Amino acid sequence: MLRLAVIGKDVSKSLSPEMHRFILDRMGYACEYEKISLSEEELEKNGEELFSRFDGFNATIPHKQNVLPFLKKLEGDAGVFGAVNTVVTKTRTGYNTDGTGFVTMLEEADFSAKGKRVLVLGAGGAGRSCIYALNGAGAEVTAYERDGERLNAVYGDFKDFTPRTSLDFFRFDFIVNCTGIGMHDTVGKTPSVPDGNGDDCILRLVDNCFAVVDLIYEPKESELLRLARERGKRVLNGEAMLFFQAYAADCIFTGTARDMKFAKTLWKEYREEHS
């Protein structure tokens with residue numbers, strides 16, 4: 001019996017438990033999976049308990065980087081991203097499956113990134129993963145982040161994108177919201193993106209693109225996606241990304257080789273059962 005959990009500032013509405021239980025059941029494993037909401041201060045004070053209570057855990061906003069001091073090593077994309085979403089407690093090893101989940105979500109939805117101009121909103125843990133994954137998929141990436149220090153740190157790591165703390169270009173093929181604005185206590189709000197005059201240009205950006213992707217999946221339609229849909233844009237929320245990164249994480253927890261074709265089959269089954 002695997003003992004697993006997801007940690008975040010507020011995971012009360014997280015779909016992770018039901019997704020991981022579904023995936024692991026189909027893979028032939030039994031598991032217990034808990035939701036643990038922790039502030040940054042609580043994680044710093046009580047984080048060690050996670051390593052004694054669980055075989056592994058997943059991390060979401062804002063703990064993808066906060067958990068790093070507890071770890072001994074990073075593997076794969078975690079070292080590149082500087083953020084983790086999957087931790088194996090026995091070895092104190094961190095992994096990041098967000099990039100895999102994001103790219104697979106785009107593939108499944110037939111969102112081709114190659115050669116596209118893409119605007120990524122936010123350069124935190126999820127934003128770093130998406131910037132890197134989009135670069136690898138052949139997109140021309142611009143990243144907006146209001147925190148210039150954070151943005152410069154990401155640019156120092158990746159280089160191959162255009163960093164912006166305000167925008168003077170407004171025509172992108174699609175926009176990816178990685179900020180978290182639109183969930184929890186910001187439901188009904190959209191990310192604010194300043195132009196060179198300091199005016200919010202988010203509606204201008206939406207009007208000039210053909211599609212909007214929001215990593216938020218609760219609510220299923222964020223305010224940003226609602227505005228985009230009403231303007232006739234193609235929209236996609238982050239539920240499939242959550243599922244595919246969960247599958248990749250469960251392969252790590254169980255020592256199983258990834259089979260993304262199998263993962264896509266599981267996603268279709270999951271949607272049929274939870275529609």
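Since the structure is predicted, the reported quantities are computational estimates derived from the model, not experimental observations. (Residues numbered from 1 in each chain as written. Predicted model: local features only at pLDDT ≥ 70, side-chain atom pairs only at ≥ 80, totals over all residues. Heavy atoms only, no water.)

A.B. asks: Looking at this model, I keep getting lost on the overall build of the protein chain. Mind explaining?
C.D. replies: Of regular secondary structure, the protein chain possesses twelve helices and twelve strands. The C-alpha radius of gyration computed for the protein chain amounts to 18 Å, which stays within 12% of the reference 19 Å derived for 275 residues, consistent with globular compactness. Classification of the 275 residues of the protein chain by burial places 53% in the buried group. Sequence separation of 24 or more characterises 64% of the internal contacts of the protein chain that already satisfy a separation of 6 or more. As displayed, the protein chain has an accessible area near 12,700 Å², and 45% of this comes from carbon and sulfur atoms. Charged side chains in the protein chain number 35 positive and 42 negative. The centres of these two groups are separated by 2 Å. (Helix = DSSP H or I, 4+ residues; strand = E, 2+ residues; numbered from the N terminus. Rg over C-alpha atoms; globule rule 2.2 N^0.38 Å. Buried < 20%, exposed > 50% of the residue type's maximum accessible area, 1.4 Å probe, protein only. Contact = heavy atoms within 4.5 Å. Areas by Shrake-Rupley, 256 points an atom, 1.4 Å probe, with all protein chains shown as cover. Lys, Arg positive; Asp, Glu negative; His and termini not counted. Charge placed at Lys NZ, Arg CZ, Asp CG, Glu CD.)

A.B. asks: What's the story with the packing of aromatic side chains in this structure? I'm lost.
C.D. replies: Here a ring pair, both rings aromatic, is described through the centre-centre distance and the interplanar angle of the planes. One pass over the full model with this rule turns up 16 aromatic pairs. Ring centres 5.8 Å apart and planes at 85° place the aromatic pair Phe111 and Phe174 in the edge-to-face group. With Phe111 in the loop between helix H6 (98–108) and strand E7 (117–121) and Phe174 in strand E10 (residues 174–177), this residue pair connects regions lying 63 residues apart in the sequence. Both residues of the pair, Phe111 and Phe174, belong to the buried class. Where Tyr247 meets Phe262, the ring centres are 6.2 Å apart and the plane angle is 70°; that geometry is what we call edge-to-face. Highlighted residues: Tyr247 in helix H11 (residues 239–254) and Phe262 in helix H12 (residues 260–273), separated in sequence by 15 residues. In this structure Tyr247 comes out as buried when scored by relative accessible area, which is 2%. According to the relative accessible area criterion, Phe262 is partly exposed, its value standing at 31%. Here a set of aromatic residues connected by ring pairs shows up, and it is made of Phe22, Phe243, Phe244, Trp267 and Tyr270. The lysine or arginine in question, Arg92, covers the ring of Phe51, its NZ or CZ lying 4.1 Å from the ring centre. (Phe/Tyr/Trp six-rings, centres within 6.5 Å; stacked < 30°, edge-to-face > 60°. Lys NZ or Arg CZ within 6 Å of the ring centre and 35° of its normal.)

A.B. asks: Is there a simple way to think about the layout of surface pockets in this case?
C.D. replies: It is the rolling of a water-molecule-sized probe over the atoms that shows where space remains empty. By volume, the largest pocket amounts to about 910 Å³. Residue composition of the lining of the largest pocket, grouped by class: eleven nonpolar, twelve polar and nine charged. (1 Å grid on protein atoms, 1.4 Å probe; cavity = no way out; pocket = protein on both sides within 12 Å on 5 of 7 lines; lining within 4 Å. Points joined across faces, edges and corners; volume = space filled by probe spheres on them. Nonpolar A, V, L, I, M, F, W, Y, C, P; charged D, E, K, R; others polar.)

A.B. asks: What's the story with the pattern of salt bridges in this structure? I'm lost.
C.D. replies: Inspection of every chain in the model, using the stated rule, returns 16 salt bridges. Among the ionic pairs, Lys64 bridges to Asp98, the shortest N-O distance being 2.6 Å. Of this pair, Lys64 sits in helix H4 (residues 63–66) while Asp98 sits in helix H6, and the two are 34 residues apart along the sequence. A relative accessible area of 11% means that Lys64 is categorised as buried. Overall, Asp98 belongs to the buried group, its relative accessible area being 3%. For Glu223, the salt bridge goes to Arg226, with nearest N and O atoms at 2.6 Å. Here Glu223 and its partner Arg226 are both found in helix H10 (residues 223–230), three residues apart, which amounts to about one turn of the helix. A relative accessible area of 25% places Arg226 in the partly exposed class. Among the charged side chains, a network of salt bridges with common partners joins Asp25, Arg26, Glu269 and Glu273. (Salt bridge = Lys/Arg side-chain N within 4 Å of Asp/Glu carboxyl O.)

A.B. asks: What exactly am I supposed to notice about empty space enclosed by the protein here?
C.D. replies: By the definition in use, this model includes one cavity of 30 Å³ or more. Taken as a whole, the largest cavity spans an internal volume of roughly 520 Å³. As for the largest cavity, its lining consists of 30 residues, of which Thr60, Lys64, Leu215, Tyr217 and Leu242 are closest to the centre. Ranked by residues supplied to the lining of the largest cavity, first place goes to H11 with three residues. Here the residues of the lining of the largest cavity are counted per class, giving 13 nonpolar, twelve polar and five charged.

Remember, this is a structural readout, not a statement about activity or role.
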